[in-house]
Amino acid sequence: MQYNWDWGILFRDPYIWWLVDGLKWTLMIAMCAWVLAFVLGSALGIMRTSINPYLRLIGTTYVEIFRNIPLLVQLFLWYFVFPELLPEEAGRWVKREMPLPGFTTTVWALGLYTASRVCEQVRSGIDAIGIGQRNAGRAIGLSEAKVYIHVLLPNAYRIIIAPLTSEFLTIFKNSSLALTIGVIELTSMTRQIEEYTFQGFEAFTAATIIYSLVTFTVMGFMLHLEKRLHVPGRIVVEK
Amino acid sequence: MGDFDFAIIYNNIPFLFEGMKTTLLLTVAAVIGGIVIGTVLAIIRIANVPILAWIAAAYVNFFRSLPLILVIFWLYFLVPLVLGRPVGAFSSVLIAFVLFEAAYYSEIIRAGIASVSSGQVAAARAIGMTYTQCMRFIVLPQAFKAMIPVLLTQAIILFQDTSLVYVVGLKDFLVSAELIANRDQKLIEMFMFVAVVYFTICFAGSLLSSHLQRKLST
Amino acid sequence: MKKFILTTAISAIAAIGFTGAAFAGAGDSPTLQKIAERGYVSIGHRETSVPFSYIGDAEEPIGYSIDLCHNIVDAIKAELGNDNLTVKYVPVTGQTRIPLIANGSIDLECGSTTNNLTRQKQVSYLSTTFITGTKIASKVGSGITEIEDLAGKVLGVSAGTTNEKALKAAIAANNLDVKVVTLKDHSQGWLALDTDRIDAYGSDDVLLYGLISKSADTSAYQVTGRFLSFDPYAIMVPRNDSTFERLGRIVMSDLMRSGEMENIYNKWFSPGPTKINMPLSNRLRGAFDTQAYPH
């Protein structure tokens, strides 16, 4: 074997800064997309559990469409096809004037896709609370909106902390798809280091360690949070 | 949308079909490989074999913490280095998928095995079955039957994930369509068509999965 | 006693001579020894690096770099005294060329690989066979020539390339207001130029000429401006094998001295079978001249 190891490359200028920069973009994509996915997913979850059949239909249709098309294909649709379907002026703006086109497109695509998954988690959380609390809320005179805000959602979120954490980590990992439309996030950055230095082994190892460290840190933190926010009287299902 | 060019799709059906064959072949091979290794990992963890169980758990958590694209890049680089000879993109990618999916399948299978009541295991052992026999004849058949809908759902996810072979340029369904899209400047038509095809297959799969779920729960 | 020493010496010399015959000419080169043992030279080639190294109509790898490598193969045959050596082609990509050369799967990488000092820690290179650099391509009639003309416009680059670094540095150095968009690869970049996502696309000039030659209307695009980076291409060989490397360098020097190098260049570039048209530049001619080392 003629492979020349050089682990020092990872700590030398400029490569260490490439890694830092890549991680920065990965985290920014993950967090922005998560805000979108969480808000929209919660709204869709409410719609799917609502008593209004039209709202339920909208929620179900959204979920079926977004989870049955591969994320990469959705990303390409947003990046290549969407601007062409807009009126000329708007399409031109999206293609040329929009700030950080690759980043913005990835955040939208990832956020809209993950919203369909968050929606399913929120729905299962609300379902798990049972009809009793909903009826009790209505019985004491709360409107349906207030039942959701004060009774169902706070409980549902506490029940689904674990699945929501794993959805966040999925977004974090899926952010690597941004490289397919030219965003230089962490995975793309390590490819770039490999390309410049030919030290692929070292570069991929660095990315692997960074992804694992972030994942395990988030998991540890959320496990701690889950214990503190545990809804009394519910059996904890061992994951 | 008035000038949507259906001919471009119709004229390229054979080429697109070749791509779809690669996608399906990869999916099927990865599902089988993933389930086999996943089952082994799950049994090791449930049987609590010392050290091995720890390694299996570490394997599962490790792979679940990585993006699939990174794993694809790793194996694309590593497989030729380790084997000492060039291998096609397909083999590298297949190994990446099997290793990656095994981690996810093992969690599903572990949950499935755990769902078979421990009373049955005790009963089987009481009538003199070995641990292996008990797994083979009592636990696994029931576990797999109960797991079919979830395994199917995971297979649909895997089918969607195979589109990521795009990053090493393996000519699957998506890459074939993209080649035509770029060559003939028909992006709208090709990407819409790809989306519709994936949607139809995955939606049918998820309907089947929930149908099986209902059938099994009654 | 004297006679014994003499006999021993003679048999020792004979033995050395005999071993030498078994590995005729392989000397201390691990690569040559390996080639002698297995009976073929393993050439790593690209599949789409037009016109350096790509799959031709006969499904065989062809191109400028491939032709040069065949000259090296002939020299290896002569060195090992084995006319029956065959060539085995191994397809490589930008990502697999390093593992394949590191584990000895390929003896020569004949593609379009830039020689830089960082990479030389991992592999060795033969003489510079081609010089390219970053330029910009735009639509004819866009009024764009130099990077300065891009003020207030959008420039596309392939993400993570030397071109990206060079263009960003040039923009920063001239304090220009240019919006830079990174694209995944050249086909996405060309598509972006075609669909007006970007006003110009920056890359190695030879690649830009190649992209134009493949487009539907070759007269609609232009490559303009000064070189913004320096990228010398060379054939890549395993590191730590100076004997093998020297053999390759001798071949290259001979080709450059005799003028055969220029003929091979003209065959592929001026104009080549792929419609690409890049007459030999003075710069590259100069490089050929200075690398034609005497024996």
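Of the regular secondary structure elements, chain C holds ten helices and 13 strands. Projected onto the principal axes, the alpha-carbon positions of chain C cover approximately 95 × 40 × 35 Å. Per-residue burial over chain C gives 53% buried out of 295 residues. The long-range fraction of contacts in chain C, counting pairs at least 24 apart against all pairs at least 6 apart in sequence, stands at 74%. Taken as a whole, chain C presents about 12,800 Å² of accessible surface, with 55% of it coming from carbon and sulfur. Side chains of chain C give 28 positive and 31 negative charges; the mean places of these two sets differ by 6 Å.

To continue, consider the domain arrangement of chain C. Residues and elements named next belong to chain C. Here chain C is partitioned into domain 1 (6–132 + 232–291) and domain 2 (134–224). Every contact between the two is made by nine residues of domain 1 and, on the other side, six residues of domain 2. In total, domain 1 and domain 2 occlude about 710 Å² of area from one another, counting both sides; carbon and sulfur atoms represent 60% of this. The largest contributions to the domain 1 side of the interface with domain 2 come from Thr132, Ile276 and Met278, which together make up 52% of the buried area. Joining domain 1 to domain 2, the criterion identifies zero salt bridges. Class assignment for the residues of the side of domain 1 that touches domain 2 results in six nonpolar, two polar and one charged.

Further remarks concern the interface of chain B and chain A. If you look at the interface, chain B gives 32 residues, while chain A gives 36 residues. The junction of chain B with chain A conceals about 3,100 Å² of combined surface from both sides, 79% of it contributed by carbon and sulfur atoms. Our count for the chain B to chain A interface comes out at zero salt bridges. Across the chain B-chain A interface, the total number found is six residue pairs in polar contact (both at pLDDT 80 or more). For the side of chain B that touches chain A, the secondary-structure elements that each account for two or more residues are α3 (52–64), α4 (68–83) and α9 (187–217) of chain B.

As a further point, take the packing of helix α10 (residues 200–228) of chain A against α4 of chain B. Where α10 of chain A meets α4 of chain B, the axes come as close as 11 Å, and the angle between the chain directions of the two elements is 145 degrees. α10 of chain A and α4 of chain B meet at a crossing whose hand is left-handed. Touching Gly200, Phe201, Phe204, Thr205, Ala207, Thr208 and Tyr211 of chain A of α10 of chain A are Leu70, Phe73, Trp74, Phe77, Leu78 and Leu81 of chain B, all from α4 of chain B. Residues that form the contact of α10 of chain A with α4 of chain B fall into these classes: ten nonpolar, three polar and no charged.

All names here are of chain C. Taken in spatial order, the three strands of this open sheet run β2-β3-β4, and their pairing is antiparallel. Looking along the sheet, the strands with just one partner apiece sit at the ends: β2 (48–49) and β4 (61–62). Direction of pairing for strand β3 (residues 53–55) relative to β4: antiparallel, over a ladder of two bridges. Bridge pairing links Ile55 to Pro61 in β4.

So, about unusual backbone geometry. Going from Asp13 of chain A to Pro14 of chain A, the amide bond is cis rather than trans, its omega being 0 degrees. Considering the arrangement of structural elements, one finds Pro14 of chain A in the segment before α1 (15–49). One non-glycine residue, Asn240 of chain C, adopts positive backbone phi at about 60 degrees. In this structure, Asn240 of chain C sits in the loop between β13 (231–237) and α8 (242–258). On the accessibility criterion, Asn240 of chain C (56% relative accessible area) is exposed. Even without a glycine there, the phi angle at Lys275 of chain C is positive, about 70 degrees.

With that out of the way, let us pick up the nonpolar core. Ranked by internal contacts, the top residues of the largest apolar core, which has 161 residues, are Ile72, Phe97 and Tyr105 of chain B together with Trp190 of chain C. Of the residues that make up this core, three or more belong to each of domain 1 (6–132 + 232–291) and domain 2 (134–224) of chain C. When near neighbours in sequence (up to four residues on either side) are disregarded, Phe97 of chain B contacts Leu26, Ala30, Leu68, Ile72, Ala102, Leu158, Asp161, Thr162 and Val165 of chain B. Residues Ile72, Leu247, Val251 and Leu280 of chain C belong to the second largest nonpolar core, which totals 44 residues.

Attention now goes to the side chain of His45 of chain C. Inspection of the secondary structure assignment puts His45 of chain C in strand β1 (residues 40–45). For His45 of chain C, the residues in contact, after removing those within four places along its chain, are Ser53, Ile55, Pro61, Ile66, Tyr89, Val90, Pro91, Val92 and Cys110 of chain C.

Taking 1.5 Å per residue, 35 residues should reach 51 Å; helix α2 (residues 13–47) of chain B reaches 50 Å between its end C-alpha atoms and fits that length. Backbone geometry just downstream of α2 of chain B places Asn48 of chain B in the positive-phi region, at approximately 60 degrees.

What follows concerns the pattern of salt bridges. In total, this model carries 31 salt bridges over all chains according to the counting rule given. Measuring nitrogen to oxygen at the nearest pair gives 3.3 Å for the salt bridge that ties Asp21 of chain A to Lys24 of chain A. Residue Asp21 of chain A and its partner Lys24 of chain A are located together in helix α1, separated by three residues, close to a single helical turn. Across the pair Lys168 of chain C and Glu164 of chain C runs a salt bridge, and its minimum N-O distance is 2.9 Å. With Lys168 of chain C and Glu164 of chain C both in helix α5 (residues 162–173) and four residues apart, the pair spans about one turn of that helix. Take Glu164 of chain C: its relative accessible area is 4%, and that puts it in the buried class.

How each quantity is defined
- Residues numbered from 1 in each chain as written.
- Chains lettered and ligands numbered in written order.
- Predicted model: local features only at pLDDT ≥ 70, side-chain atom pairs only at ≥ 80, totals over all residues.
- Heavy atoms only, no water.
- Helix = DSSP H or I, 4+ residues; strand = E, 2+ residues; numbered from the N terminus.
- Buried < 20%, exposed > 50% of the residue type's maximum accessible area, 1.4 Å probe, protein only.
- Contact = heavy atoms within 4.5 Å.
- Areas by Shrake-Rupley, 256 points an atom, 1.4 Å probe, with all protein chains shown as cover.
- Lys, Arg positive; Asp, Glu negative; His and termini not counted.
- Charge placed at Lys NZ, Arg CZ, Asp CG, Glu CD.
- Domains from an automatic or database assignment.
- Buried area = accessible area lost by both parts, 1.4 Å probe.
- Salt bridge = Lys/Arg side-chain N within 4 Å of Asp/Glu carboxyl O.
- Nonpolar A, V, L, I, M, F, W, Y, C, P; charged D, E, K, R; others polar.
- Polar contact = N/O pair within 3.5 Å; in protein donor to acceptor, adjacent residues only side chain to side chain.
- Axes fitted to C-alpha atoms, helices over the stretch in contact; angles between N-to-C directions.
- Left-handed = near helix turned anticlockwise from the far one by under 90°.
- Pairing = 2+ DSSP bridges.
- Core = buried A, V, L, I, M, F, W, Y, C linked by side-chain atoms within 4.5 Å.
- Expected span 1.5 Å × (residues − 1).

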